[in-house]
Amino acid sequence: MRIALILMLFLILMTQKEACAENIAALESQIRELTQVVHELKNTVDIQQQEISDLKRNYEIKYQVPLPQPTVQPTILPPKFTPEIGAVADVVAKLDSSKVDPENVNRVSIRELELVLGSNVDPYSRLDATIAFNDKNEIDLEEAYLTRFGLPFGTTARIGEFLPKIGKMVPVHRDSIDTVDEPLVIQRYFGDEGMHKAGVDLTKVLDLPLPSVHQVTVGVLEGGNGDGGTAFGPARRRPTLYGHLKNYIDITDVTNFELGASEAVGSNANDASFKTNVLGLDATLHHIIGQDKEIKLQGEAFVLNRRESIDELDGATNPSGDFWGGYGLFDVRLSSQWGTGFRFDYVEPVNRLLADPNKAEIGYTGYLTFYQSEFARLRAQFSHIYLTSGGIDDRVFLQGTFAIGEHKHKLQ
Amino acid sequence: MFKLKYLIRKITVMVILSCAALSAAPCHAGENPLKVVATQTMYSSVVKEIGKDKVDVKYVAPPKFNVHFIQPKPTDVRNITKADLYVDAGLDLEAWSDSLLEAAGKPELFRGRERNVDMSKGIRLLEVPDHQLSRAEGDIHIYGNPHYNMNPENVKIMAENVLEKLKSIDPANASYYETNEKAFISRLDEKIDEWRKLCTNCKGREILSYHKDIAYFADFLGLKADQYIEPKPGIPPTPKHLEFLEEYVKANHIKAIVMPTYYPKDAAEVLAKRVGAKVVTICQNIGELPGTDDIFSFFDYNFREISEALK
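What you see as residue numbers is a count from 1 along each chain, following the sequence as written. In the order they appear in the text, chains get letters beginning with A and ligands get numbers beginning with 1. Two thresholds apply to this predicted model, a pLDDT of at least 70 for residue-level local features and 80 or more for giving and counting side-chain atom pairs, whereas whole-chain, interface and lining totals are computed over all residues. As a rule here, side-chain values come from all non-hydrogen atoms in the structure, and water together with hydrogens is ignored.

## Describing the overall build of chain B
Line of reasoning, step 1. Secondary structure assignment for chain B yields 10 helices and seven strands.
Line of reasoning, step 2. With the C-alpha coordinates aligned to their principal axes, the bounding extent of chain B is approximately 75 × 60 × 40 Å.
Line of reasoning, step 3. In chain B, the share of contacts with a sequence separation of at least 24, taken over all contacts with a separation of at least 6, comes to 63%.
Line of reasoning, step 4. Here, Shrake-Rupley sampling with a 1.4 Å probe gives the accessible areas, and only protein chains in the shown set may cover a residue. Accessible area of chain B: about 13,500 Å², with a carbon and sulfur share of 55%.
Line of reasoning, step 5. If you average the places of the 42 positive and of the 44 negative side-chain charges in chain B, the two averages end up 5 Å apart. The helix count covers DSSP runs of H or I at least four residues long, the strand count covers runs of E at least two residues long, and both are numbered beginning at the N terminus. By the convention used here, residues are in contact when the closest approach between their heavy atoms is within 4.5 Å. In this tally, Lys and Arg are treated as positive and Asp and Glu as negative; His is ignored, and so are the chain termini. In plain terms, the charge of a residue is placed at NZ if it is Lys, CZ if Arg, CG if Asp and CD if Glu.

Rendered as structure tokens:
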């Protein structure tokens, strides 16, 4: 039995030995073939290196210039996933002619320091945020919204806190407007700095067989106004619905005209039956004279129709009713460094309990801007305002606006 | 007032509904050329050379204006909403481009996406920063000098970038685009030889430029351009800097001050008069001057002008 087992093992080993010998022979053959291939490739590389050297030499002899060097990668690679971060400082010195200054507005102040953040969230959406600080230790979340691109029918949506596209001035950040302060109609109706609200809106550029461009925006916002605004009541539970239609046409290569219409419907009070309808109309004529030289004529008017809840309570003459206000702006960019302009304001105050119902606020404003660079701007402004109380207020502003980091302005 | 208000509201609603109805109607039928929007005229010209009648190309930046400071218009937004392809400079030259794309809201055209052509791909960049940057250095570019379209050798790389993208989004016409690209490159090679011969007198000479936008042009011709009318990129010249330049130009026997049409000429002309140099207009954009309406006439003009000025 043992002998049989030994014989069997011997036979198995002999068979394996023969198989191993065959495998070794095959491997040796493959090594020879691969050695041959490597040798041929080495020859090919040598020939090509020689050809490259000849071409380089010929090029440099022919043109007497050294051959361009390979692309150099930036030694400072931009961070790939860090959001765009910027800051805009708005320093304002104000002096007015009133003899009293209970709110301490006549001073040099950091009116606001905006921290601007933004980045793509994913291939379909982007998040933008603007946080404003001032020297009264107040923090205001001006914007924090998601933009979702590429929705059905070519629609773009925004959701979050944003500047609604009501007219021309409300959607624009303070550092991008032509004057130190917003037009009186914006301040009185929507808020001292316009209005930013939480909500959602949809925008679509219409594909029409026309030479003009038409864009529609519709949205729903939380109720209320910006700080100091009077168009709507403070009830945030009652949403404000709004819509805007922008119509734009290039008259020539250097002249264009835009006509817009807006409507916003919101609540005046906790009782939703008391509504304010805001109708707006804006027009802008823009003419480019040359590089860094252009003129802009812009006008905007808002009509408020209010159903007021306090008619009977306080015995006011007629606080419900229609009010309107508007402004006209003429802005000239004289050169890369200088610009100037003039603004006329007219606004009927909504809160007639505090003002003469027969009077409106009227303002005349002139300004001169010096652009030190793309990121630093100095502005002087004088305003002469006829107040509803019957008085006159002359205001002088000096403003410096300085930006650092990345700060992309949205196209309006 | 009430009646007027409700009338305005009704009209507004009717206009919006009418527009929406018209908008929903199909506007196109049959095989149409690819709609392409390019940021600059150089890029639209390259696309047209390769796509010819298979592409309908529009551009954003008017050629008579400085591409750094373009204000895109709603018309550009509308064109991009209809576009099949968007072509831009990449890098950080066109700071307005991302906002424009976002306003149009077509994600497939965004940077790095399938229907976006970054013309800087494969370009050998010059003046790539080798230190931590600061705005104290002026309006500088973080990836390197982005004015690469001033070197005709780079146009060949741009053509390759366009060809690759056209083939990928319109494979049915791939051979058509390849044929056009080969013919374009062949003609460009012939012209490059011609331009080099024309400008043999420029090699090793020094010029003064208004802005730091001449590096690739100088590199192609073997010119030297170390000083600029702007003390820092984007910063207008100061009297002190002009005094320095006056000494520098005299000491280095500089004969030509080059600048595109859109910068103010006052400082350059005053300096040129003081030192006996010539102000030479070198176009940055195709179509910036009459007679520079395509790639070949654009480079013809620029090389002829610099060669003449340095004779």
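So, next bit.
## Observations concerning the packing of aromatic side chains
All names here are of chain A.
Line of reasoning, step 1. The pairing test for Phe, Tyr and Trp rings, Trp by its six-membered ring, is centres within 6.5 Å, and the orientation test on the planes gives stacked under 30 degrees, edge-to-face over 60, and tilted for anything in between. Evaluation of the coordinates by the stated rule reveals 19 aromatic pairs over all chains.
Line of reasoning, step 2. Measuring from centroid to centroid gives 5.0 Å for W324 and Y346, while their planes differ by 35 degrees, and the two rings are tilted. Taken together, the residues W324 in strand β12 (residues 321-333) and Y346 in strand β13 (residues 338-347) connect sequence positions 22 residues apart.
Line of reasoning, step 3. Whether a residue is buried, partly exposed or exposed follows from its accessible area with a 1.4 Å probe, protein chains only, as a fraction of its type maximum: under 20%, in between, or over 50%, in that order. On the basis of relative accessible area, W324 is assigned to the partly exposed category, the value being 36%.
Line of reasoning, step 4. Judged by relative accessible area, which is 21%, Y346 ranks as partly exposed.

## Side note on the environment of D130(B)
Residues and elements named next belong to chain B.
Line of reasoning, step 1. Topologically, D130 is positioned in the loop between β4 (116-118) and α5 (152-169).
Line of reasoning, step 2. Under the relative-accessibility criterion, D130 is labelled exposed at 61%.
Line of reasoning, step 3. As a C-alpha pair, D130 and Y228 span 98 residues in sequence and 20 Å in three-dimensional space.
Line of reasoning, step 4. A distance of 3.0 Å separates the side chain of D130 from the side chain of H131, its partner in a polar contact. Polar contacts, as counted here, are pairs of nitrogen or oxygen atoms within 3.5 Å of one another; within protein the pair requires one atom able to donate a hydrogen and one able to accept it, and residues that are adjacent in sequence qualify only if both atoms are side-chain atoms.

## Considerations on helix α8 (residues 239-251) of chain B
All names here are of chain B.
Line of reasoning, step 1. The span one expects for a helix is its residue count, reduced by one, times 1.5 Å. Taking 1.5 Å of rise per residue, 13 residues should cover 18 Å, and α8 covers 19 Å from first to last C-alpha, within 8% of that figure.
Line of reasoning, step 2. Along α8, the residues classified as buried are H241, L242, L245, E246, Y248 and V249.
Line of reasoning, step 3. One or two positions beyond α8, positive phi appears at H253, with a value near 50 degrees.

## What about the pattern of salt bridges?
Line of reasoning, step 1. Any carboxyl oxygen of Asp or Glu within 4 Å of a side-chain nitrogen of Lys or Arg constitutes a salt bridge here. Tallied over the entire structure, the rule returns 34 salt bridges over all chains.
Line of reasoning, step 2. Between K156(B) and D189(B) there is a salt bridge, with its nearest N and O atoms 2.8 Å apart. Separated by 33 residues along the polypeptide, K156(B) in helix α5 and D189(B) in helix α6 (residues 174-198) bring together distant segments of the chain.
Line of reasoning, step 3. Taking the relative accessible area as the measure of exposure, D189(B) reaches 33% and is therefore partly exposed.
Line of reasoning, step 4. Overlapping salt bridges, with partners in common, bring together E84(A), R126(A), D128(A) and E102(B) in one network.

## Quick look at the sheet that holds strand β6 (residues 256-259) of chain B
All names here are of chain B.
Line of reasoning, step 1. Spatial ordering of the open sheet is given by β5-β6-β7, a layout of three strands whose pairing is parallel. With one partner strand each, in any of the chains shown, β5 (208-209) and β7 (278-281) form the two edges of the open sheet.
Line of reasoning, step 2. When DSSP finds two or more bridges between two strands, those strands count as paired. Judged from the four bridges that link them, β6 and β7 form a sheet pairing that is parallel. Following the sheet pairing, M259 is matched in β7 by T281.
Line of reasoning, step 3. Its contacts with the sheet place helix α9 (residues 266-275) against β5, β6 and β7, and it is angled at close to 170 degrees to β6. The axes are straight lines fitted to the C-alpha atoms, using for helices just the contacting stretch, and the angles between their N-to-C directions are given from 0 to 180°.

## Re the packing of helix α2 (residues 41-51) of chain B against helix α10 (residues 295-309) of chain B
Residue and element names in this part refer to chain B.
Line of reasoning, step 1. Close contact between α2 and α10 brings their axes to 10 Å; oriented N to C, the two are set at 135 degrees. As summarised for this structure, α2 and α10 are arranged oblique, according to the angle between their axes. Contacts between α2 and α10 involve M42, S45, V46 and E49 from the first element and I295, F296, F298 and F299 from the second.
Line of reasoning, step 2. Counted by class, the contact of α2 with α10 contains six nonpolar, one polar and one charged residues. Orientation labels follow simple angle bins: below 35 degrees gives roughly parallel, above 145 gives roughly antiparallel, 65 to 115 gives roughly perpendicular, and whatever is left gives oblique. Note on residue categories: nonpolar means Ala, Val, Leu, Ile, Met, Phe, Trp, Tyr, Cys or Pro, charged means Asp, Glu, Lys or Arg, and polar means any other residue, Gly included.

## Considerations on the environment of E294(A)
Line of reasoning, step 1. Within the fold, E294(A) resides in strand β11 (residues 293-306).
Line of reasoning, step 2. Distance in space between the C-alpha atoms of E294(A) and L334(A) is 7.1 Å, their sequence separation being 40 residues.
Line of reasoning, step 3. Excluding its chain neighbours within four sequence positions, the residues that come into contact with E294(A) are H286(A), H287(A), I288(A), I289(A), D331(A), V332(A), R333(A) and Q71(B).
Line of reasoning, step 4. Engagement of the side chain of E294(A) in a polar contact is seen with the side chain of H286(A), the distance being 3.0 Å.

## Here's the deal with the state of the cysteines
Residues and elements named next belong to chain B.
Line of reasoning, step 1. For this text, the term disulfide refers to a pair of cysteine sulfurs within 2.5 Å. Under the definition given, this model contains zero disulfides over all chains.
Line of reasoning, step 2. The thiol of C283 is not disulfide-bonded; the next cysteine sulfur, from C199, is found 14 Å away.
Line of reasoning, step 3. On the basis of relative accessible area, C283 is assigned to the buried category, the value being 0%.

## Remarks on the nonpolar core
Line of reasoning, step 1. Among buried residues, those of type Ala, Val, Leu, Ile, Met, Phe, Trp, Tyr and Cys that are joined through side-chain atoms within 4.5 Å constitute a nonpolar core. Of all hydrophobic cores here, the largest spans 82 residues; its most connected members are M42(B) and I306(B).
Line of reasoning, step 2. Looking at this core element by element, the count peaks at eight residues for α10(B).
Line of reasoning, step 3. One finds M169(A), V172(A), F190(A) and A231(A) within the second-largest nonpolar core, a separate group that totals 28 residues.

## As for the pairing of strand β3 (residues 85-88) of chain B
All names here are of chain B.
Line of reasoning, step 1. Across the two faces of β3 the burial is the same, with L85 and V87 and Y86 and D88 all buried.
Line of reasoning, step 2. Relative to β3, strand β1 (residues 34-38) runs parallel, the two sharing three bridges. When the sheet's bridge partners are listed, V37 is paired in β3 with Y86.
Line of reasoning, step 3. Summarising the sheet, β3 and β4 pair through three bridges and their orientation is parallel. Across the sheet, the residue bridging to V87 is V117, located in β4.
Line of reasoning, step 4. Tracing the backbone out of β3, into helix α4 (residues 97-104) and back to the parallel element β4 gives a crossover that is right-handed. The handedness rule is simple: strands pointing away from the viewer, and a clockwise path from the first strand over the helix to the second, make the crossover right-handed.

## Some words on the sheet that holds β4(B)
Residues and elements named next belong to chain B.
Line of reasoning, step 1. Taken together, four strands build an open sheet; the order of strands is β2-β1-β3-β4 and the sheet is parallel. Here the strands that pair on one side only, and so sit at the sheet edges, are β2 (55-59) and β4. When the angles between neighbouring strand axes are averaged without regard to direction, this sheet yields 20 degrees.

## Notes on a nonpolar patch on the surface
Line of reasoning, step 1. Patch definition: residues above 30% relative accessible area lacking any salt bridge, with like charges linked at up to 9 Å and the nonpolar side chains Val, Leu, Ile, Met, Phe, Trp and Tyr linked at up to 5 Å. Together, I249(A), I251(A), L285(A), L297(A), F330(A), F342(A), F344(A), Y364(A), Y386(A) and I392(A) give the surface a local cluster of nonpolar side chains, amounting to about 850 Å² of exposed area.
Line of reasoning, step 2. Tracing the backbone through its elements, the reader meets I251(A) in the loop between β8 (240-250) and β9 (255-267).

## What about the pairing of strand β15 (residues 376-386) of chain A?
Residue and element names in this part refer to chain A.
Line of reasoning, step 1. The pairing of strand β14 (residues 361-373) with β15 spans 11 bridges and is antiparallel. By the bridge assignment for β15, T369 is matched with R379.
Line of reasoning, step 2. In textbook terms, the turn of a hairpin is the stretch between consecutive antiparallel strands, and for β14 and β15 this stretch comprises two residues.
Line of reasoning, step 3. In this sheet, strand β16 (residues 392-405) lies alongside β15 in antiparallel orientation, the contact comprising 11 bridges. Note on β16: the bridge partner recorded for H384 is D394.
Line of reasoning, step 4. Between β15 and the antiparallel strand that follows it, β16, lie five residues; G390 among them carries a positive phi value of about 105 degrees.

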